[in-house]
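Summary of structural features
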Amino acid sequence: MTNIGKLRDDDLIALYVEGNDKAFDIVLDRYKDRLFSYIFFIVKDQEMSEDIFQETFIKAIVTIKNGRYTANGKFYNWMTRIAHNLIFDHFRSEKNDNTVSCEGSEYDLLNNANLCDDNIETDMINMQIIEDLRRMVERLPQNQREIVMMRFYGDLSFKEIAELTGTSINTALGRMRYAILNLRKMAAENNITLTA
């Protein structure tokens, strides 16, 4: 009999769909530390990271159980995308919660130019840039994508990235350099402007 722990992710997911809960536990054990680290380095809050981590696996389980998961050999990437979307939702809702009311105030906050955000057009352009960049980052090779996420979303130093990925600082720097070159190439090929 085959050692279940040596099976590929997609084979384990298939077993899970058939009712083998141990198979999903094995996949969870493979990636839980790495995925939690990814979430924590972006969110920088233990409790919120734990919530997003749990919600990521709940969404994954529901998607798998509903037969909507497509096996493609990239289970971890799929999980990271779910976590990324949940993190983005978290920051979006947090931004919306930080509103101020001017009711009962003698001073009209809404007419203070110093407190105004960019106009809607600038916001839309910035959101489009972020979305274009996210799509391009997803198309990078895994080792480059990981470095970009840790550096820009996780705000990690190259020394920390090297320790987390088990590589040298020079390797981490090299991967970042290639990632930036690839992103510039993708932007040029698709006529994407990454500035507002």
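Up top you'll find the structure we're talking about.
All of the points below concern the structure found in this document. None of these values were measured; they are calculated from a predicted model.

**Description of the pattern of salt bridges**
Tallied over the full model, the rule gives 7 salt bridges. Residue R8 is joined to D11 by a salt bridge in which the shortest nitrogen-to-oxygen separation is 3.3 Å. Owing to a relative accessible area of 30%, D11 belongs among the partly exposed residues under this scheme. Salt bridges linked by common partners bring R81, R134 and E138 together as one network.

**Quick look at the environment of A162**
As for its placement among the helices and strands, A162 is situated in helix 7 (residues 158-165). Among the residues examined, A162 registers a relative accessible area of 5% and is labelled buried. In sequence terms A162 and I147 are 15 residues apart; their C-alpha atoms lie 9.0 Å from each other. When residues no more than four places from it in sequence are discounted, the contact partners of A162 are T167, S168 and I169.

**What to know about helix 8 (residues 169-189)**
Look at helix 8: 30 Å from first C-alpha to last across 21 residues, which is about the 30 Å you get at 1.5 Å a residue. Among all positions of helix 8, only A172, M176, A179, L183, M186 and A187 are buried. With its buried residues spanning 95° around the axis, helix 8 presents them on a single face. Seen from the open side of helix 8, the exposed residues pointing more than 90 degrees away from its buried face are N170, R177, R184, A188 and E189. One or two steps after helix 8, the chain reaches N191, where phi turns positive at roughly 50°.

**Regarding a nonpolar patch on the surface**
Together, F88, M127 and I130 give the surface a local cluster of nonpolar side chains, amounting to about 260 Å² of exposed area. Mapped onto the elements of the fold, I130 is located in helix 5 (residues 120-138).

**Considerations on the packing of helix 6 (residues 142-153) against helix 8**
Relative to each other, helix 6 and helix 8 sit at 100°, their axes nearing to 9 Å. Between helix 6 and helix 8, the interaxial angle falls into the category roughly perpendicular. Between helix 6 and helix 8, the contacting residues are N143, Q144, I147, V148, R151 and F152 on the first element and A172, R175, M176, Y178, A179 and N182 on the second. For the contact of helix 6 with helix 8, the class distribution of residues is 7 nonpolar, 3 polar and 2 charged.

Rules of the game
- Residues numbered from 1 in each chain as written.
- Predicted model: local features only at pLDDT ≥ 70, side-chain atom pairs only at ≥ 80, totals over all residues.
- Heavy atoms only, no water.
- Salt bridge = Lys/Arg side-chain N within 4 Å of Asp/Glu carboxyl O.
- Buried < 20%, exposed > 50% of the residue type's maximum accessible area, 1.4 Å probe, protein only.
- Helix = DSSP H or I, 4+ residues; strand = E, 2+ residues; numbered from the N terminus.
- Contact = heavy atoms within 4.5 Å.
- Expected span 1.5 Å × (residues − 1).
- Arc of directions from axis to C-beta.
- Patch = residues over 30% accessible without salt bridge, like charges linked within 9 Å, V, L, I, M, F, W, Y side chains within 5 Å.
- Areas by Shrake-Rupley, 256 points an atom, 1.4 Å probe, with all protein chains shown as cover.
- Axes fitted to C-alpha atoms, helices over the stretch in contact; angles between N-to-C directions.
- Parallel < 35°, antiparallel > 145°, perpendicular 65-115°, else oblique.
- Nonpolar A, V, L, I, M, F, W, Y, C, P; charged D, E, K, R; others polar.

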